[in-house]
Amino acid sequence: MSAETSSAGVGPVEGVSLYDADNPAPVIEPPRKRTSKTPRTTRTNFELYGWLFMRLSGIVLVVLVLGHLIIQLVLDGGVSKIGFAFVAGRWASPFWQAWDLVMLWLAMLHGANGLRTVINDYAEKPKTRFWLKNLLYTATVFTVLLGTLVIFTFDPNIR
Amino acid sequence: MPAGTLYRGREGMWSWVAHRVTGVLIFFFLFVHVLDTALVRVSPEAYDDVVATYKTPLVACLEYGLVAAILFHALNGLRVIAVDFWSKGPRYQKQMLWTVLAVWIVLMVGALYPVLGHAVREVFGS
C-alpha cells in the first residue's frame, strides 16, 4: 500500500476524499428536520424572563413586605391597632397607596409564577395541569384587579 | 437515599423544599389577605369585625407561623440570588444556608414579643 491510498480515508482536509460524483457521500438527516407543520419559531425566552423576574421582584419584595410587617405587626402596638381608621390614615397618603399597589402586583405575580412552577412539577396529567393553571390564572387576575380597585376607590367616608 | 431519584438530600435539597412549601403557604395567605382588606369597600364594621378575629390568641399563633414562613422565604431567596449571580455563590451555598438559619432564629426571637405579646396578655391576664 502506498502513502497515497492510506491517506484517502482521512477526508478532504487531510487527503483525497473517499467520495466523488460517482460515489456520493451518504446524506445525514438533521436531527430535528423542519417540515411544513413546524412553527416559524418553536421556542421563546419566556422561562428566562420568568426566572429573572423572580429574582428582581424578590429583592424588591424583601424591602416592601418586611417594611409592611414591621408597620403592621411591630410598631404602635402591633396588630391591636389595626382597624378601618388605621387603614384610612395610611391610604390618605399617595406614598403608602403606591407602596401597597406595587407590593400587591409584585407579590401576586411572583406567587403566581411560583405556583405555576409547582403545578408544572407535580401535576403529571396534561388535563390536570391545564385546569390547575386555569384556576391559578383566574384567581390571580381576580385578586390583582380586586386589590387594585380597592386601593384606588377607597373612601374614608364610606358611611 | 432511595435509588433512582434525582433528590440528593442535605442542605441544597431541603432548603429548596422549604422554599417551595413556605412560598405556597404565603401565596394562599396573600389571596385571603387581599379579600379581607377588600372589606374596607363594604363597610368599616365589616372590616373591623374580621380584623377582630385576627387579634385572637389562636390567630396570633398562625401569624407567628406566617412571619416564620415569610422571613425564611425572604432570607433564603436572597441566598438563591447569591448562588445564581455571585461567582462564588455555589461554593458557599451551605455556609449561606446556615447564615440564613442563624439570622432567621434571631429575627424569630425578636418577633416573639411584638407578634405574640398581646396574645399572652389576653390568655394569662393583665
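Residues numbered from 1 in each chain as written. Chains lettered and ligands numbered in written order. Predicted model: local features only at pLDDT ≥ 70, side-chain atom pairs only at ≥ 80, totals over all residues.

Colleague: Got a minute to help me understand the overall build of chain A in this structure?
Modeller: Within chain A one finds five helices and zero strands. Beginning at the N terminus, the succession of helices and strands in chain A can be written as α-α-α-α-α. Counting across all 159 residues of chain A, residues that qualify as buried make up 11%. Relative to all contacts within chain A whose residues are 6 or more apart in sequence, the contacts with residues 24 or more apart total 59%. (Helix = DSSP H or I, 4+ residues; strand = E, 2+ residues; numbered from the N terminus. Buried ≥ 20, exposed ≤ 12 C-beta atoms within 10 Å, placed from the backbone. Contact = placed C-beta atoms within 7 Å.)

Colleague: Which parts of the structure should I look at to understand the overall build of chain B?
Modeller: Tallying secondary structure elements over chain B gives four helices and zero strands in all. Shown N-terminal to C-terminal, the secondary structure of chain B runs as helices and strands in the order α-α-α-α. By the compact-globule yardstick of 14 Å for 126 residues, chain B is too spread out, its C-alpha radius of gyration being 19 Å. Over its C-alpha atoms, taken along the principal directions, chain B stretches across nearly 55 × 35 × 30 Å. Residue burial in chain B is summarised as follows: out of 126 residues, 20% are buried. Looking at chain B alone, contacts between residues at least 24 apart form 72% of all its contacts between residues at least 6 apart. (Rg over C-alpha atoms; globule rule 2.2 N^0.38 Å.)

Colleague: Is there a simple way to think about the confidence of the model for chain B in this case?
Modeller: In regions of low pLDDT, the predicted coordinates are not meant to be interpreted in detail. Of the residues in chain B, 96% have a pLDDT of 70 or more, and the chain-wide mean is 91. Across the interfaces of the predicted complex, the ipTM metric reaches 0.89, alongside a pTM of 0.81. (pLDDT = per-residue confidence, 0-100.)

Colleague: In this structure, what is going on with the interface of chain A and chain B? I would like to understand it.
Modeller: Accessible area lost during the coming together of the parts is what is often quoted as the interface size. Across the contact, 32 residues belong to chain A and 30 residues belong to chain B. The set of elements that each furnish at least two residues to the side of chain A that touches chain B consists of α2 (46-74), α3 (84-91), α4 (94-122) and α5 (126-153) of chain A. Of all the elements, α2(A) adds the most residues to the side of chain A that touches chain B, at nine residues. Per-class residue counts for the side of chain A that touches chain B are 21 nonpolar, nine polar and two charged. (Nonpolar A, V, L, I, M, F, W, Y, C, P; charged D, E, K, R; others polar.)

Colleague: Looking at this model, I keep getting lost on unusual backbone geometry. Mind explaining?
Modeller: As a rule of thumb, non-glycine residues mostly have phi less than zero, and peptide bonds are mostly trans rather than cis. All names here are of chain B. Phi is positive for R10, close to 60°, though the residue is something other than glycine. Relative to the elements of secondary structure, R10 occurs in helix α1 (residues 10-38). For R10, a count of 11 C-beta atoms within 10 Å puts it in the exposed group.

Colleague: Got a minute to help me understand the nonpolar core in this structure?
Modeller: Burial of nonpolar side chains together is a common tendency in soluble globular proteins. In this structure, A:A107, A:M108, B:L30, B:I70 and B:L71 are the most contacted members of the largest nonpolar core, which totals 17 residues. Where this core is concerned, the elements lending two or more residues are α4 of chain A together with α1, α3 (57-85) and α4 (93-124) of chain B. Ranked by residues supplied to this core, first place goes to α3(B) with six residues. Here B:I70 is in contact with A:V65, A:L69 and B:I26, once residues within four sequence places are set aside. Core analysis: the second largest hydrophobic core is formed by six residues, A:I82, A:V87, B:V40 and B:V51 among them. (Core = buried A, V, L, I, M, F, W, Y, C linked by C-beta atoms within 7 Å.)

Colleague: What am I meant to see in the packing of α2(A) against α4(A) here?
Modeller: Residues and elements named next belong to chain A. In the contact formed by α2 and α4, the axes pass within 9 Å of each other and the chain directions differ by 135°. Compared by their axis directions, α2 and α4 come out oblique. The handedness of the crossing between α2 and α4 is left-handed. On α4, the residues touching G50, F53, M54, S57, G58, V60, L61, L64, V65 and H68 of α2 are W99, V102, M103, L106, A107, L109, H110 and N113. For the contact of α2 with α4, the class distribution of residues is 12 nonpolar, six polar and no charged. (Axes fitted to C-alpha atoms, helices over the stretch in contact; angles between N-to-C directions. Parallel < 35°, antiparallel > 145°, perpendicular 65-115°, else oblique. Left-handed = near helix turned anticlockwise from the far one by under 90°.)

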